[in-house]
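Listed here are the chains, written in short residue letters.
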Amino acid sequence: MTEKDRHVVLEIKDIAVDYKTDHGTVHAVRGVTYKVHADEMLAIVGESGCGKSQSSYATMGLIQAPGEVVRGEILFHEDESSAPFNLLSVDKNSPEMRSIRGGKLSMIFQEPMTALSPVHKIGKQIDEALKIHTDLDKAGRFKRACEMLTLVGIPDAEKRYHQYSFEFSGGMRQRIMIAIALCCNPKLLIADEPTTGLDVTIQAQILDLIQDLKKKFNMGVIFITHDLAVVAQNADRVAVMYLGRIVEEADKVTLFDEPQHPYTQALLRSVIGSPLASDGKLKTIEGSVPGPYDVVEGCAFHPRCEHCMHGLCDKKMPDFEQVNDKTKAACHLFTEEGKHHKESQA
Ligand SMILES: Nc1ncnc2c1ncn2[C@@H]1O[C@H](COP(=O)(O)OP(=O)(O)OP(=O)(O)O)[C@@H](O)[C@H]1O
Ligand SMILES: [Mg+2]
């Protein structure tokens, strides 16, 4: 099947999220564009604060004031035959959005401890999701909840159904979150650092489970992580974010073997065992990410970039575009302007 024929579940076009605060405006997301296909895992990687979670909250309709999605389109294609639905065309608290969020569009949050209610039995929490998003009767919902708990590896599901979240270990709570996120067979799952802080064995089990369910339900998955080893093992495609934008996107093998953007190259060099870290040492990227209120003109990475072309990279933001047949990137090393600039300086 060609790329063109594959069912696109979610298409995000130039999304931007601002927070207007007393100290100024934080541009949390500055124009993010990507697609996720059915039965595909798109990994989103990038340093802390670059907008990975905020861009996902925008998709879920969960940006809270003073935050606001200030531009862009979020197109949800439920199935191949239905017309795409722009999630930003309806109020985030509207019945349409409520019927999609948590059902067809589901998210595992970065903070599982705060996402589960401490005062309701965990079975009840799964039941609530099933009540809103399915036509199952009470007995059907109980059966489905127990099936999901079993599926995520919680033994004695019928007994555990009646327990509270504090009666479970961290790893089990994470699995319960996954059970809630998956109980209504979502078309798209956003998993925001779903395995951070869990021990390696449980991490592997949870990743296997997401992979299984992706195939079984033909689900699209957005997987947000800092862990490039996890990306290497699990993702189909990778988008690299830097300061509110995607700077590079390619299939996994291409991204690891032929990284194009200087930030992606630096990120890969920072990982032990990467072929780019030829001396085997952990490299750090020089400089730091600008603060939330800093205004950086031009390409946001230029102050840290060894290829920075003064007079261009510090003045004009490069477009995010196809730089060869496999990779999209936002970097003046590949723009016509960048090539002219280089020639004129030579
Ligand atoms: N309530 C808020 N008010 C102001 N700025 C905010 C608010 N919430 C988030 N931001 C800003 O949005 C930006 C992106 O944050 P986000 O949580 O999406 O980063 P992230 O890439 O998910 O980081 P991490 O890897 O640490 O989870 C940050 O600069 C942050 O300061
Ligand atoms: Mg985050």
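Note that the structure is a prediction, hence the values are computed from the model and not measured. (Residues numbered from 1 in each chain as written. Chains lettered and ligands numbered in written order. Predicted model: local features only at pLDDT ≥ 70, side-chain atom pairs only at ≥ 80, totals over all residues.)

## Concerning the overall build of the protein chain
Next up, step 1: Across its full length, the protein chain holds 12 helices and 12 strands.
Next up, step 2: Seen through its C-alpha atoms, the protein chain measures out along the principal axes to roughly 75 × 50 × 45 Å.
Next up, step 3: Here the protein chain holds 346 residues, and 40% of them are scored as buried.
Next up, step 4: Here the contacts in the protein chain between residues at least 6 apart in sequence split such that 61% fall between residues at least 24 apart. (Helix = DSSP H or I, 4+ residues; strand = E, 2+ residues; numbered from the N terminus. Buried ≥ 20, exposed ≤ 12 C-beta atoms within 10 Å, placed from the backbone. Contact = placed C-beta atoms within 7 Å.)

## Section: the nonpolar core
Next up, step 1: Counting 92 residues, the largest nonpolar core has Leu 42, Ala 179, Cys 183, Val 240 and Val 247 as its most contacted members.
Next up, step 2: Counting residues per element, this core draws most heavily on helix α7 (residues 170–182), at eight residues.
Next up, step 3: When sequence neighbours within four positions are dropped, the list of residues in contact with Val 240 reads Val 45, Gly 46, Ile 246, Val 247, Glu 248, His 261, Tyr 263, Thr 264 and Leu 267. (Core = buried A, V, L, I, M, F, W, Y, C linked by C-beta atoms within 7 Å.)

## A closer look at the site of ligand 1
Next up, step 1: Surrounding ligand 1, one finds 14 residues, the nearest of these being Ala 28, Ser 48, Lys 52, Ser 53 and Gln 54.
Next up, step 2: Ranked by residues supplied to the shell around ligand 1, first place goes to helix α1 (residues 52–60) with three residues.
Next up, step 3: A class-by-class count of the residues in the shell around ligand 1 yields five nonpolar, eight polar and one charged. (Near = placed C-beta within 6 Å. Nonpolar A, V, L, I, M, F, W, Y, C, P; charged D, E, K, R; others polar.)

## Looking at the environment of Thr 264
Next up, step 1: Summarising the element assignment, Thr 264 is placed in helix α11 (residues 262–269).
Next up, step 2: With residues up to four places along the chain from it excluded, the contact list for Thr 264 reads Val 240, Val 247, Glu 248, Leu 255 and Pro 259.

## Some points on the pairing of strand β6 (residues 105–108)
Next up, step 1: Burial along β6 is two-sided: Leu 105 and Met 107 and Ser 106 and Ile 108, pointing in opposite directions, are all buried.
Next up, step 2: One ladder, built from four bridges, connects β6 with strand β7 (residues 188–192); its direction is parallel. What sits directly across from Ser 106, in β7, is Leu 189. (Pairing = 2+ DSSP bridges.)

## Observations concerning the packing of helix α4 (residues 122–133) against helix α5 (residues 138–151)
Next up, step 1: Remark: α4 packs on α5, axes separated minimally by 9 Å, with the N-to-C direction vectors making an angle of 120 degrees. By the angle between their directions, the pair α4 and α5 is classed as oblique. Considering only the axes of α4 and α5, their crossing is right-handed. Facing α4, whose interface residues are Gly 123, Ile 126, Asp 127, Leu 130 and Lys 131, α5 presents Arg 141, Arg 144, Ala 145 and Met 148. (Axes fitted to C-alpha atoms, helices over the stretch in contact; angles between N-to-C directions. Parallel < 35°, antiparallel > 145°, perpendicular 65-115°, else oblique. Left-handed = near helix turned anticlockwise from the far one by under 90°.)

## A few points about the sheet that holds strand β11 (residues 321–322)
Next up, step 1: Judged by pairing direction, the sheet is mixed, and its eight strands sit side by side in the order β6-β7-β8-β3-β9-β10-β12-β11 without closing on themselves. The open sheet has two edge strands with one neighbour each: β6 and β11.
Next up, step 2: On top of the sheet, α1 reaches β3 (41–45), β6, β7, β8 (220–224) and β9 (237–242); it is set at about 150 degrees to β7, its chief contact.

## Topic: the sheet that holds strand β5 (residues 85–86)
Next up, step 1: As summarised here, the arrangement of the four strands in space is β2-β1-β4-β5, forming an open sheet in which the pairing is antiparallel. Lying at the two open borders of the sheet, with one neighbouring strand each, are β2 (24–37) and β5.

## Observations concerning the packing of α7 against helix α8 (residues 200–217)
A pair of packed helices is characterised by two quantities: the angle between their axes and the separation of those axes.
Next up, step 1: Running from N to C, α7 and α8 point in directions that differ by 10 degrees, and their axes come no closer than 11 Å. Considering the angle they form, α7 stands roughly parallel to α8. Judged by residue contacts, Gly 171, Gln 174, Arg 175, Ile 178 and Leu 182 of α7 engage Ile 202, Ile 206, Leu 209 and Leu 213 from α8.
Next up, step 2: Its residues placed into classes, the contact of α7 with α8 shows six nonpolar, two polar and one charged.

## Concerning α11
Next up, step 1: For α11, every residue scored as buried is listed here: Pro 262, Tyr 263, Thr 264, Ala 266 and Leu 267.
Next up, step 2: Taken together, the buried residues of α11 touch β9, β10 (245–251) and α10 (252–257).

## Considering the environment of Lys 214
Next up, step 1: With respect to the helices and strands, Lys 214 occurs in helix α8.
Next up, step 2: Note: C-alpha distance between Lys 214 and Leu 136 (78 residues apart in sequence) is 23 Å.
Next up, step 3: Not counting the four nearest positions on each side in its chain, Lys 214 is found in contact with Asp 39, Met 41, Met 219 and Val 221.

## Some thoughts on unusual backbone geometry
Most peptide bonds adopt trans geometry, and most residues besides glycine take a negative phi value.
Next up, step 1: The step from Ala 65 to Pro 66 runs through a cis peptide bond, and the omega angle for that step is 10 degrees.
Next up, step 2: Its location among the elements puts Pro 66 in the loop between α1 and β4 (67–76).
Next up, step 3: Positive phi values are uncommon outside glycine, yet Asp 14 reaches one of about 50 degrees.
Next up, step 4: Its place among the elements puts Asp 14 in strand β1 (residues 8–21).
Next up, step 5: Positive phi is not limited to glycine here, since Asn 185 has a value of about 50 degrees.
Next up, step 6: Along the polypeptide, Asn 185 turns up in the loop between α7 and β7.
Next up, step 7: With 15 C-beta atoms counted inside 10 Å, the residue Asn 185 sits in the partly exposed group.

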